[in-house]
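A closer look at the structure
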Amino acid sequence: NAGVTQTPKFQVLKTGQSMTLQCAQDMNHNSMYWYRQDPGMGLRLIYYSASEGTTDKGEVPNGYNVSRLNKREFSLRLESAAPSQTSVYFCASSKNSGEKLFFGSGTQLSVL
Amino acid sequence: AQSVTQPDIHITVSEGASLELRCNYSYGATPYLFWYVQSPGQGLQLLLKYFSGDTLVQGIKGFEAEFKRSQSSFNLRKPSVHWSDAAEYFCAVGARGGGYQKVTFGIGTKLQVIP
């Protein structure tokens, strides 16, 4: 049972480049989330998907887009990366919203 | 909107000593409360959660937390710390009710354990 799988683990981008972070869960969870973690800021919610077919903005959505491809997969896209998007990104899932979160191992992204 | 305060950014304890990490929350009703732990280079793992019932909650790795409504607190405790407990600890609050329920995290407390 893999849980929540994120790819890639590390990525370096130049300003203006685009990329997609992939996330998949195999626990049949309804809700999925993307967080970013910055020193002194804790985890901040970027986007979430309460259930398949729905997505909504979290606290810090600017510069990001998401796709809930199916119940298992939830991707995060940076269309034009900026240095301010340098961070560690975590995907998470829960059976339903507000419940225990299961986290992936994170993606360390640097934008130069 | 809910919020979480972890007043201690960094704590150092000796191995074998007791530990208490503080967490205060702001929410209009009784929330869901969580403690997560993050080891270096890893994602977060749930230590324990409070949904309802007994206000003293037992978790994994010998941790416990007590929900005190009057103080809006959910402090994490461990009677004897092991070197492997060195990690960052996050308190989180989740809202109750229908529809999407957001979970809000504190900024974390980094625990250092010295021999």
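Shown above is the structure to which this text applies.
Note that the structure is a prediction, hence the values are computed from the model and not measured.

1. Let's talk about the overall build of chain B
Along its length, chain B carries zero helices and twelve strands. Each helix and strand of chain B, ordered N terminal to C terminal, gives the series β-β-β-β-β-β-β-β-β-β-β-β. In terms of its C-alpha atoms, chain B occupies a principal-axis envelope of roughly 45 × 30 × 25 Å. Counting the 115 residues in chain B, one finds 49% classified as buried. Looking at chain B as shown, the accessible area adds up to about 5,300 Å², and 49% of this sits on carbon and sulfur atoms.

2. Overview of the state of the cysteines
Counting across every chain of the model gives two disulfides over all chains. A disulfide bridge connects C23(A) with C91(A), and the sulfur atoms are separated by 1.8 Å. Disulfide C23(A)-C91(A): the torsion about the S-S bond is -70°, which places it as left-handed. Here the residue C23(A) occupies a position in strand β3 (residues 19-25), and C91(A) occupies one in strand β9 (residues 87-94), the gap between them amounting to 68 residues. Residue classification places C23(A) among the buried residues on the basis of a relative accessible area of 3%. Exposure remark for C91(A): the relative accessible area of 0% places this residue in the buried category. Each disulfide pairs two cysteine sulfurs, and for C23(B) the partner residue is C91(B), the sulfurs being separated by 1.9 Å.

3. As for the sheet that holds strand β8 (residues 74-78) of chain A
Residue and element names in this part refer to chain A. As summarised here, the arrangement of the four strands in space is β1-β3-β8-β7, forming an open sheet in which the pairing is antiparallel. Across the chains shown, the open sheet's two edge strands, defined by having one partner strand only, are β1 (4-7) and β7 (64-68). When strand polarity is set aside, the average angle formed by the axes of neighbouring strands in this sheet is 15°.

4. Looking at the pairing of strand β11 (residues 107-111) of chain A
Within a regular strand, side chains alternate between the sheet's two faces. Residues and elements named next belong to chain A. Because side chains alternate across β11, one face comprises the buried residues T107, L109 and V111, and the other comprises Q108 and S110, none of which is buried. Bridge analysis of strand β2 (residues 10-13) against β11 gives four bridges, and the strand direction is parallel. Looking at the pairing, L13 lines up with V111 of β11. Of the pairings in the sheet, the one linking β9 to β11 comprises three bridges and is antiparallel in character. From the neighbouring strand, Y89 faces β11, where its bridge partner is T107.

5. With respect to the interface of chain B and chain A
Listed per partner, the contact involves 19 residues of chain B and 20 residues of chain A. For the pair chain B and chain A, the summed buried area comes to about 1,600 Å², and 64% of that belongs to carbon and sulfur atoms. Counting across the interface, chain B meets chain A through zero salt bridges. The tally of links from chain B across to chain A stands at two residue pairs in polar contact (both at pLDDT 80 or more). Put simply, the parts of the chain that give the side of chain B that touches chain A at least two residues each are β5 (32-38), β6 (44-50) and β11 (103-105) of chain B. By residue number, the principal contributor to the side of chain B that touches chain A is β5(B), which donates four residues. Here the side of chain B that touches chain A is composed, by residue class, of eleven nonpolar, seven polar and one charged.

6. Notes on the side chain of N75(B)
If you trace the backbone, N75(B) turns up in strand β9 (residues 73-78). If we ignore the near neighbours within four places in the chain, the residues touching N75(B) are E20(B), L21(B), R22(B), C23(B), W35(B), E64(B), A65(B) and E66(B).

7. Here we look at the pattern of salt bridges
Residue and element names in this part refer to chain B. If you walk through the whole model with that rule in mind, you get seven salt bridges over all chains. Two residues, D8 and R22, come together in a salt bridge whose shortest N-O distance is 2.9 Å. Taken as a pair, D8 in the loop between β1 (3-5) and β2 (10-14) and R22 in the loop between β3 (19-21) and β4 (24-26) lie far apart in primary sequence, 14 residues in all. Relative accessible area serves as the criterion here: at 38%, R22 is assigned to the partly exposed category. Among the salt bridges present, the one from R77 reaches E66, with a minimum N-O distance of 3.4 Å. Remark: E66 occurs in strand β8 (residues 64-68) and R77 occurs in strand β9; sequence separation between them is eleven residues. On the basis of relative accessibility, which here comes to 23%, the residue R77 falls in the partly exposed class.

Conventions we followed
- Residues numbered from 1 in each chain as written.
- Chains lettered and ligands numbered in written order.
- Predicted model: local features only at pLDDT ≥ 70, side-chain atom pairs only at ≥ 80, totals over all residues.
- Heavy atoms only, no water.
- Helix = DSSP H or I, 4+ residues; strand = E, 2+ residues; numbered from the N terminus.
- Buried < 20%, exposed > 50% of the residue type's maximum accessible area, 1.4 Å probe, protein only.
- Areas by Shrake-Rupley, 256 points an atom, 1.4 Å probe, with all protein chains shown as cover.
- Disulfide = S-S within 2.5 Å.
- Pairing = 2+ DSSP bridges.
- Axes fitted to C-alpha atoms, helices over the stretch in contact; angles between N-to-C directions.
- Contact = heavy atoms within 4.5 Å.
- Buried area = accessible area lost by both parts, 1.4 Å probe.
- Salt bridge = Lys/Arg side-chain N within 4 Å of Asp/Glu carboxyl O.
- Polar contact = N/O pair within 3.5 Å; in protein donor to acceptor, adjacent residues only side chain to side chain.
- Nonpolar A, V, L, I, M, F, W, Y, C, P; charged D, E, K, R; others polar.

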